[in-house]
Amino acid sequence: MKVLIIGGGAVGSAVALFLKLQGGSNVDVTVIEPDPGLAQASSALSAGSIRQQFSNAINVRMSQFGHEVIANAQAWLGVDDEPVELGFVPSGYLFLATGATAVLEANHAVQRDLGAPVRLLDRAALQQRFHWLNSDDVQLASLGEAGEGWFDGYAFARALARKARSLGARWHKARVDGLERAGDRLVAARLADGTRLEADAFVNAAGPWARGVAQLAGIHLPVHARRRTVFAFSCPTALPCTPLVIDPSGCWFRSEGHGFIGAWTPGEYDDDPDDLPLDQPDVAQFEDRLWPALAHRVPAFEALRMTRAWAGYYEVHPLDHNAIIGPHPELTNLLFANGFSGHGLQHAPAVGRGIAEWLLEGGWRSLDLSPFAYERLAEGHAFAELAVI
Ligand SMILES: Cc1cc2nc3c(=O)[nH]c(=O)nc-3n(C[C@H](O)[C@H](O)[C@H](O)COP(=O)(O)OP(=O)(O)OC[C@H]3O[C@@H](n4cnc5c(N)ncnc54)[C@H](O)[C@@H]3O)c2cc1C
């Protein structure tokens, strides 16, 4: 079987890797990627963090597999004896609830059922554990005690690709700018360098650009490239390594080396246009949104200093903020691995494994990924993820 993967970020590379791990020489894998340095790819511009704290059981389980691969990167991704350096920092997420606590409690029950080591903390427990945090307005918090943390997303994508290559997957540096269709199948991709590549199956792993790739096949894919600006900052007061704090204001922050990173995510009613330029991070957000929220939550952050800002695209699927994974119902040899709305890096291994099983064994095996099917779009049936950052 010949498989063409469009996009060589973490997701495309993970699909390539698991196809070769499972299919060996029976599967011919080519990844088409115009930007091998991943300068614009979300995988390189992300916050590189992993959590088990989702509202959907399937997302928890996908992260559990992601953690297995990331925490044991040498075993999964090592090539010969070269060290795999992902810089993984085991540390929890801390979700705070200042109003109603029902969602946090319901999510907690889902996570505990799956063995996720998460703990609910009331205000007193929160104050005792994190003395630097203002918890006056916090009703309840949820802390991940293991199986969460952060890592270098760029290094992760590169390590997935290097391992896939070592098993025989090929990379072709070009952009796909045409897809040829014959009835209910795709037959070939046309590349910007003039090459035409035929294949038995095509995987759309183009991240924030997935909508444009689907359009080449005449398919509507409601995935939107929404710019997110991440800020690095320092604080004159020494604080212990903080968890990744999810604040109800729409802001998050965590330790990064000797400093911190953080960002603000627009809410449902905030302006959030598509395709804003990545070379113009929205630095005004720091003063307008992030700093006031951070200074409220951590009094020592009143004196913080912003040191750097960069922007990347979330690939937002607004219907339910969950991914679209698996075949198109009519064009069945076109598979989607798209729309992760800001948590695709940690789910890349589970998606790669799932797509490989679908192509090589004809169905979902390790995890049932059918809740992410494209069909739900036509039916308008949302499969909502409530713990979205
Ligand atoms: C600021 C920010 C913070 C984030 N934080 C986290 C986090 O903490 N944890 C987490 O799990 N996720 C996080 N994410 C989300 C995560 O980064 C993405 O979900 C994930 O990296 C998507 O991987 P991908 O391989 O699908 O896309 P990408 O990494 O964007 O790769 C897609 C590739 O497709 C290529 N491509 C595009 N068009 C074509 C074409 N026509 N032909 C061929 N190739 C094409 C591009 O060149 C690109 O390299 C964050 C994202 C951002 C922006």
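Basis of the calculations
- Residues numbered from 1 in each chain as written.
- Predicted model: local features only at pLDDT ≥ 70, side-chain atom pairs only at ≥ 80, totals over all residues.
- Heavy atoms only, no water.
- Buried < 20%, exposed > 50% of the residue type's maximum accessible area, 1.4 Å probe, protein only.
- Helix = DSSP H or I, 4+ residues; strand = E, 2+ residues; numbered from the N terminus.
- Pairing = 2+ DSSP bridges.
- Domains from an automatic or database assignment.
- Contact = heavy atoms within 4.5 Å.
- Buried area = accessible area lost by both parts, 1.4 Å probe.

Within an unreviewed UniProt entry, the label attached to the protein reads FAD-binding oxidoreductase, and the organism entered is Pseudaquabacterium terrae.

Here we take up the pairing of strand E20 (residues 334-338). Most of E20 sits inside the fold, with five of its five residues counted as buried. Every second residue of E20 is oriented toward a common face, with Leu334, Phe336 and Asn338 on one face and Leu335 and Ala337 on the other, all of them buried. Alignment of strand E13 (residues 201-204) against E20, held across three bridges, turns out to be parallel. Looking at E20, one finds that Val203 is bridged to Leu335. Bridge analysis of strand E19 (residues 324-327) against E20 gives four bridges, and the strand direction is antiparallel.

This paragraph deals with the domain arrangement of the protein. For the protein, the assigned domains read domain 1 (2-83 + 152-223 + 319-378) and domain 2 (91-149 + 224-316). Relative placement of domain 1 and domain 2: their C-alpha centres are 28 Å apart. The partner domain 2 presents 33 residues to the 31 residues of domain 1 that form the contact. Ranking the residues of domain 1 by area buried against domain 2 places Leu45, Gln52 and Gln53 at the top, with a combined share of 25%.

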